[in-house]
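The chain contents come next:
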Amino acid sequence: QIVLVSGHLDSWDVGQGAMDDGGGAFISWEALSLIKDLGLRPKRTLRLVLWTAEEQGGIGAEQYYQLHKENISNFDIVMESDEGTFKPSGLGFTGSAKARDIVNEIMTLLLPINVTNVYDNADGTDIDYWMRDGVPGASLRDDLSKYFWFHHSQGDTMTVQDPNQMNLCAAVWTVVSYVIADMEEMLPR
């Protein structure tokens, strides 16, 4: 059984792609790294996917889906961060009402950093195939007030990233992915 965390590696043809979507790739990598460094061993596999060709219509995600859809019942949740890594406010979530109740409970663990909101509907080109077929999905929600200042522009460089805000995003990703991966049962469909 698999909990998938992800971001995409490719960027637009200008800038460095630090915010779109280097930040999402970084926090996904960091989540798994933190779990390993803490010596935690969840009941399910945590899988990191760094998508390719998201900016060209999600070709990489479609290929991955085609290769793995026969095992769709083993995917517990698919998570994608692709809206920057600014100050987080919570998660977008797509799934059953029972699964949403569980995610709401998990998000209470993040009260100390004031990131507890669960919004309707996860977004993510790279996880859409899975969600359409009933796999619960989550996407990071954060302060988008500056997102389009840098999105697909020459300004999308590492100077956009705030290490403190990225650490908060990584904390959200780490807690949610680990807790779901370590639950007794998979999220209800």
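You'll find the structure just up there.
Residues numbered from 1 in each chain as written. Predicted model: local features only at pLDDT ≥ 70, side-chain atom pairs only at ≥ 80, totals over all residues. Heavy atoms only, no water.

Q: Would you mind going over the overall build of the chain in detail, with residue names and values included?
A: The helix and strand inventory of the chain stands at six helices and six strands. In the chain, the order of α-helices and β-strands from amino to carboxyl end is β-α-β-α-β-β-α-β-α-β-α-α. Computed over C-alpha atoms, the radius of gyration of the chain comes to 15 Å, within 12% of the 16 Å expected from 2.2 N^0.38 for 189 residues, which places it in the range of a compact globule. Overall size of the chain, expressed as C-alpha extent along the three principal axes, is 45 × 40 × 30 Å. (Helix = DSSP H or I, 4+ residues; strand = E, 2+ residues; numbered from the N terminus. Rg over C-alpha atoms; globule rule 2.2 N^0.38 Å.)

Q: Outline the pairing of strand β5 (residues 117-120), supporting the account with residue identities and numerical values.
A: As paired strands, strand β4 (residues 88-94) and β5 are joined by four bridges and run parallel to one another. Residue Leu91 lies in a different strand from β5, and its bridge partner there is Val118. Crossover connection from β4 via helix α3 (residues 97-107) to parallel β5: handedness right-handed. (Pairing = 2+ DSSP bridges. Right-handed = clockwise from strand over helix to strand, strands pointing away.)

Q: Which residues make up the packing of aromatic side chains, and what values go with them?
A: One pass over the full model with this rule turns up seven aromatic pairs. When the centroid spacing of 5.3 Å and the interplanar angle of 20° are considered together, the rings of Tyr65 and Tyr129 count as stacked. Of the two residues, Tyr65 is situated in helix α2 (residues 59-68) and Tyr129 in helix α4 (residues 128-132); the sequence distance between them amounts to 64 residues. Looking at Tyr129, the relative accessible area reads 21%, which means it is partly exposed. When the centroid spacing of 4.3 Å and the interplanar angle of 35° are considered together, the rings of Phe75 and Trp130 count as tilted. Taken together, the residues Phe75 in strand β3 (residues 75-80) and Trp130 in helix α4 connect sequence positions 55 residues apart. Residue Trp130 is classed as buried on the basis of its relative accessible area, which comes to 0%. Here the aromatic residues Trp51, Tyr64, Tyr65, Phe75, Tyr129 and Trp130 are joined through ring pairs into a cluster of three or more. Sitting above the plane of the Tyr129 ring, Arg132 keeps its charged end 5.0 Å from the centroid. (Phe/Tyr/Trp six-rings, centres within 6.5 Å; stacked < 30°, edge-to-face > 60°. Buried < 20%, exposed > 50% of the residue type's maximum accessible area, 1.4 Å probe, protein only. Lys NZ or Arg CZ within 6 Å of the ring centre and 35° of its normal.)

Q: Let's hear about the environment of Gly137: which residues, and what values?
A: In this fold, Gly137 is placed in strand β6 (residues 137-142). Overall, the relative accessible area of 0% leaves Gly137 in the buried class. Between the alpha carbons of Gly137 and Gly92 there is a distance of 8.1 Å; along the sequence they are 45 residues apart. In this structure, Gly137 is in contact with Ile77, Val78, Gly92, Phe93, Thr94, Ala122 and Met131, ignoring residues within four places of it in sequence. (Contact = heavy atoms within 4.5 Å.)

Q: Talk me through the pattern of salt bridges; I want residue IDs and the actual numbers.
A: For the coordinates displayed, the defined rule picks out six salt bridges. Where Glu83 meets Arg141, a salt bridge forms, and the shortest distance between an N and an O atom there is 3.9 Å. Linking Glu83 in the loop between β3 and β4 with Arg141 in strand β6, this pair joins segments that are 58 residues apart in sequence. In terms of burial, Glu83 and Arg141 fall into one category: buried. A salt bridge links Asp123 to Arg141, with the shortest nitrogen-to-oxygen separation between them at 2.9 Å. (Salt bridge = Lys/Arg side-chain N within 4 Å of Asp/Glu carboxyl O.)

Q: Account for the sheet that holds β6, naming residues and giving values.
A: Pairing is mixed in the open sheet, where six strands are placed in the order β2-β1-β3-β6-β4-β5. Looking at the sheet topology across the chains shown, the edges are occupied by β2 (45-51) and β5. The sheet shows a mean angle of 25° between the axes of neighbouring strands, taken without regard to direction. Alignment of β3 against β6, held across three bridges, turns out to be parallel. What sits directly across from Glu80, in β6, is Ser139. The sheet contacts of α2 involve β1 (2-8), β2 and β3, and relative to β2 the element is tilted by about 145°. Where α3 meets the sheet, its contacts fall on β4 and β5, and the angle it forms with β5 comes to roughly 150°. (Axes fitted to C-alpha atoms, helices over the stretch in contact; angles between N-to-C directions.)

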